Amino acid sequence: CFDFQGVHPEYFVIERLYREASSEKPVQGNMVNFILDELVSQPEQDYKSLFRKAMAGMPISLVALGKEVALQIHESIGRIHYPSVKAYAESLKNEDVQLEPTYISPEYGLQGRLDILHSQAGKQNIAELKSGSTPNNDVWPQQKMQVVAYNLIVRNAIPRVKLGNSSIFYSAGGDSCLRHVVTQFKDELSLLMCRNRIVGILHGLAEDPAVFFNWLLGQEQPPNPKDFKQNHLQEIVTTLKGLQDYE
């Protein structure tokens, strides 16, 4: 819901109206995440055995992509992601690490599953793995707000917790994989405002869906190859305009 242009709570609903076929990037991302978890738990494993384990966990997705794409994923992870993921896992070997802990915060109306929560010098540190594109500087806005949400949730779920660093780990980031996120009060307010607007949209859909879908029909814009969310919206608009009355 966040980008460099602002806040878009409607994207929360739009993304749930759009179903994308199995593609290379999400499958690769899931495999990188699996490999990180395995290396944190059992750091002696080699890449070949790790990739085989990852494949066994998602055979349907890989078959759907085909042999050529599966080989490309194998090459990409081994060359780009595995070295940085292995090095990061090594850096955590003497720390108390929790993999994918889930927390719920009724007070803020939020829930989240962190990739990694690890303690160091009496403080809890949050790390979120991202295997997609790496920004030249800092982190992507939507990923920053994800970490902002995790900070809120952990502080609310664990009384008297002391938070250390909250970071995005870009597995394709080369020499600057780990990037710390500075959370400000204004970011938390922006996040909670977006959350409340999403709830408002969902209530509106339950009471009168026509209001939201009529708004959608007025959002037609030229395709933008660099904005996949905008493209998803346009595909939904095209589908809606093609529906017959009885549909």
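Everything below is about the structure shown above.
Residues numbered from 1 in each chain as written. Predicted model: local features only at pLDDT ≥ 70, side-chain atom pairs only at ≥ 80, totals over all residues. Heavy atoms only, no water.

Trainee: Honestly, the overall build of the chain in this entry has me stumped. Any pointers?
Mentor: When helices and strands are tallied, the chain shows 9 helices and 9 strands. The C-alpha extent of the chain, read off along each of the three principal axes, is 60 × 50 × 30 Å. When each of the 247 residues of the chain is scored for burial, the buried share is 41%. Of the contacts formed within the chain by residues at least 6 apart in sequence, a portion of 65% connects residues at least 24 apart. In the structure as shown, the chain presents an accessible area of about 14,500 Å², 53% of it carried by carbon and sulfur atoms. Computed over 24 positive and 29 negative side-chain charges, the inter-centroid distance for the chain is 5 Å. (Helix = DSSP H or I, 4+ residues; strand = E, 2+ residues; numbered from the N terminus. Buried < 20%, exposed > 50% of the residue type's maximum accessible area, 1.4 Å probe, protein only. Contact = heavy atoms within 4.5 Å. Areas by Shrake-Rupley, 256 points an atom, 1.4 Å probe, with all protein chains shown as cover. Lys, Arg positive; Asp, Glu negative; His and termini not counted. Charge placed at Lys NZ, Arg CZ, Asp CG, Glu CD.)

Trainee: Sorry if this is basic, but what is going on with the packing of helix H7 (residues 185–207) against helix H8 (residues 209–217) here?
Mentor: A pair of packed helices is characterised by two quantities: the angle between their axes and the separation of those axes. With their axes 5 Å apart at the nearest point, H7 and H8 run at an angle of 115° to one another. When the interaxial angle is binned, H7 and H8 end up roughly perpendicular. Facing H7, whose interface residues are Ile201, Gly204, Leu205 and Glu207, H8 presents Pro209, Phe212 and Phe213. A breakdown of the residues in the contact of H7 with H8 according to their chemical character gives 5 nonpolar, 1 polar and 1 charged. (Axes fitted to C-alpha atoms, helices over the stretch in contact; angles between N-to-C directions. Parallel < 35°, antiparallel > 145°, perpendicular 65-115°, else oblique. Nonpolar A, V, L, I, M, F, W, Y, C, P; charged D, E, K, R; others polar.)

Trainee: I would appreciate a short explanation of the pattern of salt bridges in the present structure.
Mentor: Side chains that carry opposite charge are capable of pairing whenever their charged atoms lie near each other. Summed over the entire model, instances satisfying the criterion amount to 6 salt bridges. The partner of lysine 53 in a salt bridge is glutamate 38, with the nearest N and O atoms 3.3 Å apart. Separated by 15 residues along the polypeptide, lysine 53 in helix H3 (residues 47–57) and glutamate 38 in helix H2 (residues 24–41) bring together distant segments of the chain. On the basis of relative accessibility, which here comes to 16%, the residue glutamate 38 falls in the buried class. (Salt bridge = Lys/Arg side-chain N within 4 Å of Asp/Glu carboxyl O.)

Trainee: I keep staring at the packing of helix H6 (residues 141–157) against H7 and nothing clicks. Help me out?
Mentor: Closest axis-to-axis distance for the H6/H7 pair is 10 Å, and the angle between their directions is 95°. Between H6 and H7, the angle is such that the two are roughly perpendicular. Along its contact with H6, which presents Lys144, Met145, Val148, Ala149, Leu152 and Arg155, the element H7 presents Asp187, Glu188, Ser190, Leu191 and Leu192. Residue classes in the contact of H6 with H7 are distributed as 6 nonpolar, 1 polar and 4 charged.

Trainee: In this structure, what is going on with the packing of aromatic side chains? I would like to understand it.
Mentor: To describe a pair of aromatic rings, one takes the distance between the centres and the angle between the planes. Per the stated rule, a full pass over the model turns up 6 aromatic pairs. Measuring from centroid to centroid gives 5.9 Å for tyrosine 47 and phenylalanine 51, while their planes differ by 55°, and the two rings are tilted. One end of the pair, tyrosine 47, and the other, phenylalanine 51, are both in helix H3, 4 residues apart, so they sit about a helical turn from each other. For the residue pair tyrosine 47 and phenylalanine 51, the accessibility class agrees, reading buried in each case. Ring geometry for phenylalanine 212 and phenylalanine 213: centres 5.8 Å apart, planes at 80°, overall edge-to-face. Pairwise contacts between aromatic rings join Tyr47, Phe51 and Tyr82 into one cluster. (Phe/Tyr/Trp six-rings, centres within 6.5 Å; stacked < 30°, edge-to-face > 60°.)

Trainee: Sorry if this is basic, but what is going on with the nonpolar core here?
Mentor: Burial of nonpolar side chains together is a common tendency in soluble globular proteins. Core analysis: the biggest nonpolar cluster contains 27 residues, and Met31, Ile35, Ile73 and Ile77 have the highest contact counts within it. Listing elements by their share of this core, those giving two or more residues are H2, H3, helix H4 (59–65), helix H5 (67–91) and strand S7 (123–130). Per-element tally for this core: the top contributor is H5, with 8 residues. Contacts of isoleucine 77, omitting those with residues within four sequence positions, involve Gln28, Met31, Val32, Ile35, Tyr47, Phe51, Tyr82 and Pro83. Leu110, Leu114, Tyr150 and Val154 belong to the second largest nonpolar core, which has 19 residues in total. (Core = buried A, V, L, I, M, F, W, Y, C linked by side-chain atoms within 4.5 Å.)

Trainee: Looking at this structure, I do not really get unusual backbone geometry. What am I missing?
Mentor: Glycine aside, the phi torsion of most residues is negative, and most peptide linkages are trans. For glutamate 100, which is not glycine, the phi dihedral falls at a positive 50°. Tracing the backbone shows glutamate 100 in the loop between strand S3 (96–99) and strand S4 (102–105). Its identity as a non-glycine residue notwithstanding, alanine 121 has a phi of 55°, on the positive side. One can find alanine 121 in the loop between strand S6 (116–120) and S7.

Trainee: Quick question: what am I supposed to make of the sheet that holds S6 here?
Mentor: Hydrogen bonds between backbone groups are what pair the strands of a sheet, and the pairing can be parallel or antiparallel. Reading across the sheet, the 5 strands line up as S3-S6-S7-S8-S9 and stay open at both edges, with mixed pairing between neighbours. Lying at the two open borders of the sheet, with one neighbouring strand each, are S3 and strand S9 (178–180). Within this sheet the neighbouring strands show an average axis-to-axis angle of 25°, counted without direction. With 4 bridges connecting them, S3 and S6 associate as antiparallel partners. Bridging from a neighbouring strand, valine 97 pairs with histidine 118 of S6. Across the sheet, H6 lies against S7 and strand S8 (163–170), angled at about 150° from S8, the strand it touches most. (Pairing = 2+ DSSP bridges.)

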